[in-house]
Every structure is written in C-alpha cells, then in structure tokens.
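Examination of the molecular architecture
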Amino acid sequence: MGEIGFRHSDTARPALIDPFARAITYLRVSVTDRCDFRCVYCMAENMTFLPKRDLLTLEELDRLCSAFVARGVRKLRLTGGEPLVRRNLLDLINSLSRHLKSGALSELTLTTNGSQLSRFADDLRAAGVRRLNVSLDTLDPDRFKSITRWGQFGKVMDGLRAAEEAGLQVKINMVALRDVNADEIETMLRFCHERGYDLTMIETMPLGDIEGDRTDQFLPLSEVRRSLEQRYTLTDLPDRTGGPARYVRVEETGGRLGFITPMTHNFCESCNRVRLTCTGTLFMCLGHEDAADLRAPLRASEGDELLHAAIDAAIARKPEGHDFVIDRGQAPAVSRHMSMTGG
Ligand code: SAM
Ligand code: SF4
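Before going into details, it helps to say that this report is about the structure given with it. These numbers come from a predicted model, not from an experiment.

1. So, the sheet that holds strand β4 (residues 131-135)
Strand order in the open sheet made by the 12 strands is β7-β8-β9-β6-β5-β4-β3-β2-β1-β10-β11-β12, with mixed pairing throughout. Lying at the two open borders of the sheet, with one neighbouring strand each, are β7 (234-236) and β12 (291-293). Neighbouring strand axes in the sheet, compared pairwise and without regard to direction, differ in orientation by 25 degrees on average.

2. Side note on the pattern of salt bridges
For the coordinates displayed, the defined rule picks out 20 salt bridges. Across the pair Glu184 and Arg143 runs a salt bridge whose closest N-O atoms are separated by 2.7 Å. With Glu184 in the loop between α6 (178-181) and α7 (185-194) and Arg143 in helix α4 (residues 141-148), this pair connects stretches of sequence that are 41 residues apart. Salt bridges here are not isolated pairs; linked through shared partners, they connect Lys75, Glu107 and Arg131.

3. Observations regarding helix α2 (residues 89-101)
Spanning 13 residues, α2 covers 19 Å between terminal C-alpha atoms, matching the ideal 18 Å at 1.5 Å per step. For α2, every residue scored as buried is listed here: Leu89, Leu90, Leu92, Ile93, Ser95, Leu96, Ser97, Arg98 and His99. Those residues of α2 that are buried lie in contact with α1 (58-70), β2 (75-79), β3 (107-112) and α3 (117-126). Positive backbone phi, at 90 degrees, marks Gly103, one or two positions downstream of α2.

About the cut-offs
Every chain's residues receive numbers from 1 upward, in the order its sequence appears when written. Starting at A for chains and at 1 for ligands, labels are handed out in the order in which the entities are written. In keeping with the predicted nature of the model, local features appear solely for residues at pLDDT of at least 70, side-chain atom pairs appear and are counted solely at 80 or more, and the whole-chain, interface and lining totals rest on all residues. Excluding hydrogens and water, the side-chain figures rest on all heavy atoms present in the structure. The criterion for strand pairing is that DSSP finds at least two bridges linking the strands in question. Think of it this way: any DSSP run of H or I at least four residues long counts as a helix, any run of E at least two long counts as a strand, and we number them from the N terminus. Axes here refer to lines fitted to C-alpha atoms; in helices the fit is confined to the stretch in contact. Angles between the N-to-C directions go from 0 to 180 degrees. Here, a salt bridge means any Lys or Arg side-chain nitrogen found within 4 Å of an Asp or Glu carboxyl oxygen. One less than the residue count of a helix, multiplied by 1.5 Å, gives the span that helix is expected to have. Any residue under 20% of the maximum accessible area for its type is buried, any over 50% is exposed, and the rest in between are partly exposed; the area is computed with a 1.4 Å probe on protein chains only. Note on contacts: a residue pair qualifies if any of its non-hydrogen atoms lie within 4.5 Å across the two residues.

Okay, here's the thing in structure tokens:
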C-alpha cells in the first residue's frame, strides 16, 4: 500500500462527553487480532483469527481515528494483537502523525511485545512516536518461552536496545502471575530503573477463554506492594492517566512504578477512554460486552455524518463502571480476548 489518502477534518465538532460528564480524550485501537506470540494468559495456542476481509483497511482505521481526533481525542494508542505484525502499519502511523503536527493530538503511542522493534524503532521515532509500552513478564529466557510459547527473548532484548538507541522512552508492562514470575518482581524493578524505564505491574483479567484456570495465577498487586514495601520506600505520585494505573516513586532507585488493578474498580469515575477493534467495533468499557459497530456507518457513505452520529450514540451508552470477578470455575467475565480489544 502506498500513502494513505487522508482528509482534513471538517468543521469543528463537539467534544465527546459521556453521560457521567467524562470527556473521552483517549482512544485505544487494536489494529490486528493476530500476534507472533501466544502468551498463556492472553490466548489459546491454536487461536482462530478473524478472516482478513473482516478487518478495517489502514485507510479506514485512519478515517476512524481521525474522526475521534476531530471530537477531542488527544491520545491514540495502537495495540493488538501485536500491532507491529500488521502489514504496512507504518503507513498508518505516518499518516496519523499529521495530527501530532497540527497539535490536535498530544500523543501517538503503541503497546507492543517488542519482537519487531529492532526493525521499526527508528521509523516510529521519525513518525513522532516518543513513548512505547513494551510487555515483558520475565527476564529469564526459559520462562519467557513458557509464558509466550512462541516468543524469542533475544529479539525482545534487541528491540529494547533499538528503542533506546532511537530515543524512545520505554515503559515495561509486566503481568503479575503468582507461581510464574512473582519471584522476579524485584529483579525486573532494578532492570527497568537502571535503564530509565518505568515499570507497570498488571493484574490478570478474566478476558477470553484460555486453556487453563486463571484463578491459580491471580496475584493481587496489594500483596506485591506490601512485599516491596518491606525493602523499598514507595512514595505515592499524583500522576493519573484516567485509567486503572496508580504510580509510586521508588526512592531507592529513583524510578517510577505503576500498579494496574483493573479488578478494583475505583478508577472508573475518571475513565477517559474507549477501545476500537480492528473490525471497527467500539467498546465503551473493557469490562462490559456492550459495543457499537462503527464499520457499517463508516462504509455507508463517503462523508462522516453517519459515523459521527454512531459515535455519539455509542458514547451516550458508556457505562459508569465495571465489575470484574475472577472466580474459580466461572466462565470469563467477558468472553472476548484482550487481543481483540487491545490492552
Ligand atoms: N501484543 C502487545 C503486547 O503484548 O504488548 C499488545 C497487546 S496485549 C493484549 C496488551 C497488554 O495486555 C499486554 O501487556 C499483555 O500482557 C496484557 N494482557 C493480555 N491478556 C491479559 C489478561 N488476561 N489480563 C491482564 N493483562 C493481559
Ligand atoms: Fe500477543 Fe500481546 Fe497477547 Fe502476548 S499479550 S499473546 S504478545 S497480544
């Protein structure tokens, strides 16, 4: 695919405000449901992926993202599946970067497993990307293999080096798993903070069927925090992202540590985000099944009127909050996988 043909946004449109007076300023976009890894908590090993014809084209993704930017979205995060396995993704990123240049967007960023970063880091930086979230649950190559099933640890390390060399700021996301990596949290903290990376710990969420039981591996971050506090001084930071992350400064390392606790829903009142899948389905809340199809209105006409009407109708249904439960023997709270809606 060549250059994405884009359109200038038309007349000023009203900001997106949901029924609870929250402004929607953050859009996460899953650009593909495919991935080159098969992380045990995220996917079954033999996943069935969407047929390619169901995916939005890069031009359509651009049009959708731009419609949200025209409505006041200031931050775009591309995720997946693995965003960097989507063919020609750089065309989309290069095209979306016009919104950075115009000042409409304050940040364009990605969440990636890091496997392809050595190929893409320089181009991402050139397109205006400044920060990346890289998911990494362990520093032990054998464990890495057992968690990701298909991943190669060395490639992710090369990717991290390339990101650093390109001048990209890195935040590591680590899913906390009781018997898998709980003993590595301190090692990971030191690894990250020595390199100037932030570290964010994530609790496992009951999203999508996997082969196995998540309750065994659920590790409450309150427990992690208590255990770290026996050896480190953690100072709460006021930094808020509008999401489920809370940050502390680790005084001994000088670095930042985040805790993402989606199971406690005390962050919902400040929620500023919605999630778009690669088929154009908009999820107004990670913890609810309710969704709006934006693909049909997008494809129904050349103009964006129908699309904006569908976006308005969707935002008017954004729920106040969610209520996840990880319960033994229960079906996942939400049946879609994280790779559909993106992390
Ligand atoms: N492939 C990319 C990656 O791994 O960074 C982006 C997509 S991935 C779905 C986004 C984030 O979701 C990753 O940090 C991953 O660890 C996390 N994740 C996936 N399934 C999860 C689950 N069931 N509970 C909590 N986090 C999950
Ligand atoms: Fe792929 Fe990311 Fe899911 Fe792992 S967490 S299987 S890297 S989408």
